[in-house]
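# Chains, contacts and geometry: an overview
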Amino acid sequence: METRWLHAFVAVAEELHFGRAASRLQMAQSPLSQMIRKLEKDIGVKLFERSTRSVALTSGGHAFLPHAYRVIENMETARHATRASSGGVYGRVTIGFTGVLNYQALPPLTRALRQRYPEVELTLLGRIMTRDAVIQLESGALDLAFVGLPVESASLSTRLIRREAFGAVLPIDHPLAERDAIDLRELADDGFVTTPLSAGSALQETAMRACMNADFRPRVVQEITDPYMILMLVAAGVGVALMTSGMAAITPPGSVFVPLTGEPTFMNHGIAWSPRHMTDALAVALETSEEILPTPDIETKNVII
């Protein structure tokens, strides 16, 4: 019995159509039919009832199908194990990220992982705020996540990858838009566009804390989950927003990023993972991240978190 016969059998069993199965296997229909006949002769049981209009599994075919699946799965496991024993790494890493806030960090990391570890499958899940990331990391639904630091979880490990000062994003016709820098208190009467408080965004929590430290509670005029859409709404004149300095390069037309004066408030970008759910694939992802996204050498005394 040849493994390719099993693949042919499974394709026909799932499609119940020799033409579709042949197309799926990227082969002609005649060789496929020959493989099925050879398999039936080898095991001595008819696997399919064929007519000019339909194909159906026989009772023997139904009995044989789970065993065919198991053999194919065991062959794949053996292949992976062999590669792993020779120094290869395989598996899956599911990465959660917020979105545009991670545009400087996510692409270089995923490119490096795909180039160095092609057998590691990457699954990227967007719009994962820090609070949700923590929950999903703890449950094992995520392997790695981009988060705002610190996180409230004793079971997770984290590492700082970037630190950015907050500034104001203003509509281009705002009275303060042409200033080189502004005091945050000067925005006390403006309406703010933010992510929802319930979303669990570290960006929103840190920005709101900065306003409270500046002796005012921001008046929120609109909430929206996507940080880039916040910039779009600012450009449309809906309100102002607090964003990190990394967003200055991608503010849309109609808006401008203005630094803040005084002692800066920083957003601490990090990655988080659960040591309890460590795999070889996650281990190489973390190792690669240390090279691609090294921890910045910073003074911590002015960090506001």
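The name an unreviewed UniProt entry gives the protein is LysR family transcriptional regulator, with Rhodococcus erythropolis as the organism. Here is the UniProt Sequence similarities (unreviewed entry) comment for the protein, exactly as written: "Belongs to the LysR transcriptional regulatory family."

As a further point, take the UniProt feature "transmembrane region" (unreviewed entry) in the protein. Under the local residue numbering, the UniProt record ascribes the feature "transmembrane region" (unreviewed entry) to residues 228–250. Across residues 228–250, the secondary structure splits into 35% helix and 17% strand, with the terminal C-alpha atoms separated by 9 Å.

This part is about the layout of surface pockets. Put simply, the second largest pocket is a space of about 240 Å³. Around the second largest pocket, the lining is made up of 13 residues, and of these Leu184, Ala214, Thr261, Glu263 and Thr265 lie nearest the centre. The residue makeup of the lining of the second largest pocket, split by class, is 6 nonpolar, 4 polar and 3 charged.

Once that is clear, we can look at the environment of leucine 142. Relative to the helices and strands, leucine 142 is located in the loop between helix H6 (130–139) and strand S5 (144–148). Spatially, the C-alpha atoms of leucine 142 and aspartate 173 are 42 Å apart, while their sequence positions differ by 31 residues. Residues in contact with leucine 142, not counting those within four places in the same chain, are Thr94, Ile95, Gly96, Leu125, Ile128, Ala133, Gln136 and Leu137.

All right, on to the packing of aromatic side chains then. Counting across every chain of the model gives 4 aromatic pairs. Both rings, one in phenylalanine 9 and one in phenylalanine 48, keep their centres 5.5 Å apart while their planes meet at 50°; by these two values the pair is tilted. With a gap of 39 residues between them, phenylalanine 9 in helix H1 (residues 3–15) and phenylalanine 48 in strand S1 (residues 48–50) connect regions that are remote in the sequence. Look at phenylalanine 9 and you get buried, because its relative accessible area is 0%. Geometrically, the ring pair formed by phenylalanine 192 and phenylalanine 216 is tilted, given 6.1 Å between the ring centres and 40° between the ring planes. Of the two residues, phenylalanine 192 is situated in strand S7 (residues 191–194) and phenylalanine 216 in the loop between helix H7 (202–213) and strand S8 (219–223); the sequence distance between them amounts to 24 residues. Exposure class is identical for phenylalanine 192 and phenylalanine 216. Each is buried. Pairwise contacts between aromatic rings join Phe9, Phe18, Phe48 and Phe64 into one cluster. Across from the ring centre of phenylalanine 266, 3.4 Å away, lies the NZ or CZ of arginine 163, which sits over that ring.

About the thresholds
Residues numbered from 1 in each chain as written. Predicted model: local features only at pLDDT ≥ 70, side-chain atom pairs only at ≥ 80, totals over all residues. Heavy atoms only, no water. UniProt positions renumbered as here; feature names shortened; annotations may be inferred. Helix = DSSP H or I, 4+ residues; strand = E, 2+ residues; numbered from the N terminus. 1 Å grid on protein atoms, 1.4 Å probe; cavity = no way out; pocket = protein on both sides within 12 Å on 5 of 7 lines; lining within 4 Å. Points joined across faces, edges and corners; volume = space filled by probe spheres on them. Nonpolar A, V, L, I, M, F, W, Y, C, P; charged D, E, K, R; others polar. Contact = heavy atoms within 4.5 Å. Phe/Tyr/Trp six-rings, centres within 6.5 Å; stacked < 30°, edge-to-face > 60°. Buried < 20%, exposed > 50% of the residue type's maximum accessible area, 1.4 Å probe, protein only. Lys NZ or Arg CZ within 6 Å of the ring centre and 35° of its normal.

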